[in-house]
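Fold and contact review
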Amino acid sequence: MIPQPAPRKSSKFFCLARVGARFSASHLLKLLYLFHSSLRTLCLLLCVLCVNSFFFLPSTPAQNLDKPLQSIEDEITAFAYAPDGRIVYSAYRKIKTKVFDALEHDDIWLQDANGKRRRLLEGQKYTRGTQPFSYLIDSFRWSPNGHFILAQLHVTTVLDDSGKTEDSFQTLVLDDSGHDIHINKGDSVIPDAANPFFLPDNATIAFLSEAVKPRQLFSLKSTRIDIGPLKSPNDGRTFRDVVPIPGTISIAAVEQDRAITGPNRLQRLDLFTDNDKELATLDAYEGGLSVSPSGKKVAYFIDKEILEMRDLTAPNRAVRLRIGLGVVRWSPDESRILLKRALEKKSGDIVWIDLPPLAPIPANQEIPIAQPTPVPILHDLTFRDFAISPDGRSLAVVITGKRNLLVFPLQPR
């Protein structure tokens, strides 16, 4: 058979006509039915794909806990960011002596921004006097210039052969190379010193000394690296808590009389002058005193549910938030806080809390209580400790259990 030449026309009508010429009417109907069924199946498949895309395309990238920016696989007892982003941390260690099998002597390490680490203090070589002792590091504070470190130690000293012990607080002063900083050419340890912090001169250290045991009220003291202890116009006063106001020689403090009979008073005090100002008489005080990065706002818990905030320059402007007792860290722009919903050294989840604007308090009226909606981060997991980097770009956390330290990018809202 001689092949027929290909038709010049290619219209749908011409093609169907040729099909009809070669097939019977019944064959043509079957072909049309199959064509219609295939088209319907194709449309249904496309719809399913569209629905799947709508529901499963991620709208916001989830925090990947398997890929932190940095990680420290050690048992972390305390840590703190330096002004330039470095991290000083303590690692739990046990040492053996001829008499005691397990004394606790933390190591101190410094991690650079690139992840390089060096040990500043080897715990087993840290000795003081002749009596055996254990210590754990409770907290760190950096000097404003990022050169000096204050390590607060919780020390347990063995007093005699019967095993009787005594607890105390001490502050070790060292630099970022690991060298001891000797106060007035004496010791590098400040005895009975809790909650220490540097003033802007990078040479004066203020701290709390226990006045009413056990750790109910404190007196405020200070010392200089070069000349030693300083006199203070606040001698004789007792406080429940103090916190420095950044960039100043002033503090925010919760004061109470030594007999613990009067109310708690929120104060702003200069450390070396008699310039002080009472900001408010508090209904109660539960803890958590903190000052915002700008030094313009102060926050504290008045009970186990409510956080109160005030303007330090206009204390009649305030707000109350029902968020539950916990540990507060301010965002750099002060528009919100991170809240760990547990006490210090206890594990809890971490949530963002948006802060409403402070408002004037009408005369003889209660401060209104706002109830913000917490926004969980890090998949609602619990953490023992946390801190926001000074530049606000990363979040360091100590995980529950192993107490490893992980650093994650701090995702924007």
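Residues numbered from 1 in each chain as written. Predicted model: local features only at pLDDT ≥ 70, side-chain atom pairs only at ≥ 80, totals over all residues. Heavy atoms only, no water.

Brief notes about the overall build of the chain
Counted only if it meets this: Labels follow the DSSP assignment, with helices taken as runs of H or I lasting at least four residues and strands as runs of E lasting at least two, numbered in each case from the N terminus. Relative accessibility under 20% of the residue-type maximum defines a buried residue, over 50% an exposed one, and the middle range a partly exposed one, all with a 1.4 Å probe and only protein chains included. The criterion used for residue contact is that any of the two residues' heavy atoms lie within 4.5 Å. All accessible-area figures derive from a Shrake-Rupley calculation using a 1.4 Å probe, and residue coverage is judged against the displayed protein chains alone.
Each helix and strand counted, the chain has two helices and 32 strands in total. Burial statistics for the chain: of 413 residues in total, 44% are counted as buried. Looking at the chain alone, contacts between residues at least 24 apart form 44% of all its contacts between residues at least 6 apart. By element, 56% of the accessible surface of the chain is carried by carbon and sulfur atoms, the whole surface being about 23,200 Å².

A few points about the packing of aromatic side chains
Heads up, the rule is: Between 30 and 60 degrees the pair is tilted, below 30 it is stacked and above 60 it is edge-to-face, where a pair is any two Phe, Tyr or Trp rings, Trp via its six-membered ring, whose centres lie within 6.5 Å. Two thresholds decide whether a charge sits over a ring: the Lys NZ or Arg CZ must be within 6 Å of the ring centre and within 35 degrees of the ring normal.
Using the criterion set out here, one finds four aromatic pairs in the structure. An angle of 65° between the planes, with centres 5.2 Å apart, marks the rings of Tyr-126 and Tyr-135 as edge-to-face. Of the two residues, Tyr-126 and Tyr-135, neither departs from the other in class, the shared state being buried. The interplanar angle of 25° and the centroid separation of 6.0 Å between the aromatic rings of Phe-148 and Phe-198 together place this pair among those described as stacked. Within this pair, whereas Phe-148 is found in strand β9 (residues 148–158), its partner Phe-198 is found in strand β12 (residues 194–198), the two being separated by 50 residues in sequence. When its relative accessible area of 8% is taken as the criterion, Phe-198 is described as buried. Positioned over the ring face of Phe-386 is Arg-329, at 5.0 Å from the centre of the ring.

Quick look at the sheet that holds β9
Where we set the bar: At least two bridges found by DSSP between two strands are what make those strands a pair. Every angle, taken between N-to-C directions, lies between 0 and 180 degrees, and every axis is a line fitted to C-alpha atoms, over only the stretch in contact when it is a helix.
One open sheet holds the four strands; their spatial order is β8-β9-β10-β11, and the pairing between them is antiparallel. Edge positions in the open sheet fall to β8 (133–142) and β11 (189–191), since each of these has one partner strand only. Sheet twist, expressed as the mean angle between neighbouring strand axes with direction ignored, is 25°. Where β8 and β9 come together, nine bridges link them in antiparallel fashion. Bridging across to β9, Ile-137 finds its partner in Leu-153.

A closer look at the nonpolar core
Under the convention used in this document: Side-chain atoms within 4.5 Å are what join buried Ala, Val, Leu, Ile, Met, Phe, Trp, Tyr and Cys residues into a set we call a nonpolar core.
Core analysis: the largest hydrophobic core is formed by 21 residues, its most contacted members being Ile-108, Phe-140 and Leu-172. Looking at this core, the elements with two or more residues in it are β2 (76–81), β6 (107–111), β7 (117–121), β8, β9 and β10 (165–175). The leading source of residues in this core is β8, at five residues. Leaving out residues up to four positions away in the same chain, Leu-172 has contacts with Ile-108, Leu-121, Tyr-126, Arg-128, Ile-149, Leu-150, Ala-151, Leu-153, Asp-180, Ser-188 and Val-189.

Topic: the environment of Met-309
Assignment of secondary structure puts Met-309 in strand β22 (residues 306–311). Residue class for Met-309 comes out buried when judged on its relative accessible area of 1%. It is 5.6 Å that separates the C-alpha atoms of Met-309 and Val-298, two residues lying eleven residues apart in sequence. Among residues more than four places away in sequence, those in contact with Met-309 are Lys-297, Val-298, Ala-299, Arg-317, Ala-318, Val-319, Leu-321, Trp-330, Leu-355 and Leu-358.

Notes on the sheet that holds β7
Read from one edge to the other, the open sheet built from four strands follows the order β2-β3-β6-β7, with strand pairing classed as antiparallel. The two strands at the open ends of the sheet, each matched to only one other strand, are β2 and β7. Along the sheet, successive strands turn relative to each other by an average axial angle of 25°, direction set aside. With five bridges joining them, strand β3 (residues 87–91) and β6 adopt antiparallel strand pairing. Bridging across to β6, Ile-87 finds its partner in Gln-111.

Looking at the pairing of strand β14 (residues 217–224)
On a regular strand, one side chain projects to one face of the sheet and the next to the other, so that they alternate. In terms of residue burial, β14 counts as a mostly covered element, since six of its eight residues are buried. Where strand β13 (residues 204–212) meets β14, eight bridges bridge the pair, whose relative direction is antiparallel. Within the sheet, the bridge partner assigned to Glu-210 lies in β14 and is Phe-218. As consecutive antiparallel partners, β13 and β14 are separated by four residues, and within that stretch Arg-215 has a phi angle of approximately 55°, a positive value. Of the pairings in the sheet, the one linking β14 to strand β15 (residues 228–230) comprises three bridges and is antiparallel in character.

Focus on the confidence of the model for the chain
The following threshold applies: Each residue carries a pLDDT score, the predictor's confidence in it, ranging from 0 to 100.
Taken over all residues, the pLDDT of the chain has a mean of 86, while the share at 70 or more is 84%. Note on residues 1–62: pLDDT under 50 across the span, and ten contacts to partners over four residues away in sequence or across chains.

A few points about the pairing of strand β21 (residues 297–301)
By the criterion of burial, β21 is predominantly enclosed, with four of the five residues buried. Direction of pairing for strand β20 (residues 287–291) relative to β21: antiparallel, over a ladder of three bridges. What sits directly across from Gly-287, in β21, is Phe-301. The hairpin formed by β20 and β21 contains five residues between the paired strands, and Gly-295 there has a positive phi angle of roughly 75°. Sheet analysis places β21 next to β22, joined by five bridges and oriented antiparallel. Paired with Val-298 across the bridge in β22 is Arg-310. The hairpin turn running from β21 into β22, its antiparallel successor, is four residues long.

Observations regarding the pattern of salt bridges
This is how it is decided: Salt bridge, as applied in this entry: a Lys or Arg side-chain nitrogen positioned within 4 Å of an Asp or Glu carboxyl oxygen.
Taken as a whole and assessed by the stated rule, the structure comprises 20 salt bridges. Where Asp-176 meets Arg-86, a salt bridge forms, and the shortest distance between an N and an O atom there is 3.1 Å. Pair noted here: Asp-176 is in the loop between β10 and β11 and Arg-86 is in the loop between β2 and β3, with a separation of 90 residues, a long-range link. For Asp-176, a relative accessible area of 12% translates into the label buried. Between Asp-276 and Arg-237 there is a salt bridge; the shortest N-O distance is 2.9 Å.

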